[in-house]
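Residues per chain are reported as follows:
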Amino acid sequence: MESNCGPIYYLFDELLEQVFDLLSPKELLNCRLVCKKWDTILRHTRLLLNSIGVHLEIDGKVPVDVQHPMVKSLKLNPALKINRITLNADLFIEDSELPKSAACRSYLKSFGSLHTVKELTFNISKNQNESMFDLIFICLSALKEVRVLRLNFGMGNVMSGSSEVKFDKRWSNVCWVSIEEVHFKGFDFWNAGNFVNFTYLLDKMPCLQAIWGLNAFNEAFYEQHAAKIKSTTVFTMELESIMTLANGISLKELQLDGSLHENSAEQWIFLNENQPELNYIGLTFDHLHLNEPIVGPSLHLGPNNYDKVKQLTLNLCVCGVNGVEFFSTLVKFQKLESLAIDLLVDGSCFFGHESVVLPNLKTVYFNASNACDQPLTCDQCIQALIKTIGNSTMISFEMPVQFGVLARLRNVATNVDKLLIHRLLDLRYTYEHWPVMESLKSIVLPLRQATTKVEILNFCKGCPNLRKVEFLYVDNLKKWQLNLFLQNLFYLEKLQFGNKKFVVKIKNEKRFLEKIHYQERQK
């Protein structure tokens, strides 16, 4: 920090304040570093009221029995204000699944006033029941202005049994009037006991306006909170029950599983005409569990309006002389943004010979296999598939991909900037003849340990704008191989293979790869 800023240093404080008043909070912090005069003005005037919201993550990188570095930063920079907190609930749970209540309270107090926190997120991975609710109580009692509460449940999380929580006396008079939204994520094990527990929790939030991310249907819960439920995941048969609720529901998002029951015209009338705020439907058909494969048109959908369906997932077992006529299904979903298809094929074809124009399609996940796990080679199916997904920006193949598929992608999918290929046939041939795909910014694909210089150079020439690269099925690369990728991919930022991850750094105007260690990757 210089003591003198040149001619501008002699401007009146009032003029400087007027200039500063036009800047964003982040820019104001940078201005404090220019000179002592500017730092003094910014620290001792009303401009301090401009605060920068920061996200506090209590995730275990810094042990909870050690002072978090954010404490010091908050004291040195009064303009910094915590507006979001993400807390790993496991850090405050004993092995006996008892909560460290006192530790949680004192830890939050160390950050000083938390009246600016508007959003609180719990990441929950262990089996938790009473302990989780106890932590929620402690945090919400300390954070008086939280408007959005997020409960993120890790994979495999099971709320122990279906038992109801015994809420102690502390809960009887508590009331969190600031909370307006509650979001559930990853919680796939709703049962009667869970609905009772969360009903009690939500009853303590009298100003609650929106509930997001429910998974399953419970009539009593939905009747009580119908006006607040904004997103849910249900089976088709459960949707029938929702349609008959005495208290009308007003959804904004819906994940609908149509695997176990046919969709009726009445349901689509309800979704299209009685749900004016609903603008996103994710529709799933999972028939892989059926013994008899689908023959001919994959799904016998009625002449309904499917414009609200933005995400479609098809898990199907199919067969037939001409394969599945996907044209007859996909043509009904003209507003699709995301498409996922997983096929078990009994026959020569796997997609059908007609393509579909889906102008809004952005992300595609495709997998197809047969009983012998042999590559599917129907040229007409490949051509129809590539044309159908040609507008996408992200494509993921989990099936064995031939070079011909890549060549066609080059000519059709000109907007794709992220490509994921889990299996490539003829690796050497593919890399020696890699097509030009200048739109690619990120790629994940297999690589041979013995990949040659010619192969690497041709790959880099074909994808000159790559920023992120991940190679599968290779645990180690030689230094000259890494240097070739670095030297020939000018925009490269990250390179990963096996459990090794590198970032590109610049020193003395020279680019080099620096390995990221485990703790750094977690950030």
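Above this text is the structure in question.
Here goes a summary of the coordinates provided. Just so it is clear, the model here is predicted, and its values are computed rather than measured. Along each chain, residues carry numbers from 1 onward, in the same order as the chain's sequence is written. Where local features are concerned, this predicted model is filtered to residues with pLDDT of at least 70; where side-chain atom pairs are given and counted, the filter is 80 or more; whole-chain, interface and lining totals use all residues. Remark: hydrogens and water are excluded; side-chain values derive from all non-hydrogen atoms of the structure.

**Considerations on the layout of surface pockets**
Only protein atoms enter the 1 Å grid used here. Points where a 1.4 Å probe fits but cannot escape make up a cavity, open sets with protein on both sides within 12 Å along at least five of seven lines make up a pocket, and a residue lines them when an atom lies within 4 Å of a point. Grid points are joined across faces, edges and corners, and a volume is the space filled by probe spheres set on the points. Computed from the structure, the largest pocket encloses a volume of approximately 300 Å³. Surrounding the largest pocket, 19 residues form its lining, Phe184, Trp212, Gly213, Ser231 and Glu253 being those nearest its centre. Going along the chain from the N terminus, every DSSP run of H or I of four or more residues is numbered as a helix, and every run of E of two or more is numbered as a strand. Elements that contribute at least two residues to the lining of the largest pocket include exactly β4 (148-153), β5 (181-185), β7 (214-215), β8 (231-235) and β9 (253-257). Along the lines of polarity and charge, the residues of the lining of the largest pocket split into six nonpolar, nine polar and four charged. In this structure, the second largest pocket occupies an estimated 210 Å³ of space. Along its surface, the second largest pocket is lined by 13 residues, and Asn215, Thr233, Gln255, Asp257 and Thr284 are the ones closest to its centre. Side-chain classes follow a simple rule in which Ala, Val, Leu, Ile, Met, Phe, Trp, Tyr, Cys and Pro form the nonpolar group, Asp, Glu, Lys and Arg form the charged group, and the remainder, Gly included, forms the polar group.

**Here we look at empty space enclosed by the protein**
In this structure the tally under the stated criterion is two cavities of 30 Å³ or more. Computed from the structure, the second largest cavity encloses a volume of approximately 40 Å³. If you go around the second largest cavity, the residues you meet are Ile382, Leu385, Ile386, Phe397, Met399, Val401 and Val405. Elements with a minimum of two residues in the lining of the second largest cavity: α12 (379-388) and β15 (394-401). Considered class by class, the residues forming the lining of the second largest cavity number seven nonpolar, no polar and no charged.

**Points about the environment of phenylalanine 350**
Assignment of secondary structure puts phenylalanine 350 in the loop between β13 (338-346) and β14 (363-370). The rule is simple: take the accessible area with a 1.4 Å probe, protein chains only, and divide by the maximum for that residue type; under 20% is buried, over 50% is exposed, in between is partly exposed. Its relative accessible area of 0% is what places phenylalanine 350 among the buried residues. Contact partners of phenylalanine 350, with chain neighbours within four places excluded, come to Phe326, Leu343, Val345, Phe366, Ala368, Leu376, Cys378, Cys381, Ile382 and Leu385. Note on definitions: a residue-residue contact is assigned when non-hydrogen atoms from the two residues lie within 4.5 Å.

**Re the packing of helix α15 (residues 453-462) against helix α16 (residues 479-488)**
A fitted line through C-alpha atoms represents every axis, and for helices the fit uses only the stretch in contact; the resulting angles, taken between N-to-C directions, go from 0 to 180 degrees. Look at α15 against α16: their axes get within 10 Å of each other, and the N-to-C directions meet at 25 degrees. Overall, the two elements α15 and α16 adopt an arrangement that is roughly parallel. As for how α15 packs across α16, the hand of that crossing is right-handed. Between α15 and α16, the contacting residues are Lys453, Ile456, Leu457, Phe459 and Cys460 on the first element and Trp480, Gln481, Leu484, Phe485 and Asn488 on the second. Of the residues contributing to the contact of α15 with α16, the split by class is seven nonpolar, two polar and one charged. Every angle not falling under 35 degrees, over 145, or within 65 to 115 is termed oblique; those three ranges are roughly parallel, roughly antiparallel and roughly perpendicular. Crossing handedness: left-handed means the near helix sits turned counterclockwise from the far one by under a right angle, and right-handed means the same turn made clockwise.

**What about the side chain of serine 178?**
Checked against the element boundaries, serine 178 lands in the loop between β4 and β5. Only 3.2 Å separates the side chain of serine 178 from the backbone oxygen of lysine 144, close enough to count as a polar contact. Polar side-chain contacts of serine 178 include one of 2.6 Å to the backbone oxygen of valine 146. Pairing of N or O atoms within 3.5 Å defines a polar contact, subject to two protein rules: one partner must be a possible hydrogen donor and the other a possible acceptor, and residues neighboring in sequence count only if both atoms are side-chain atoms.

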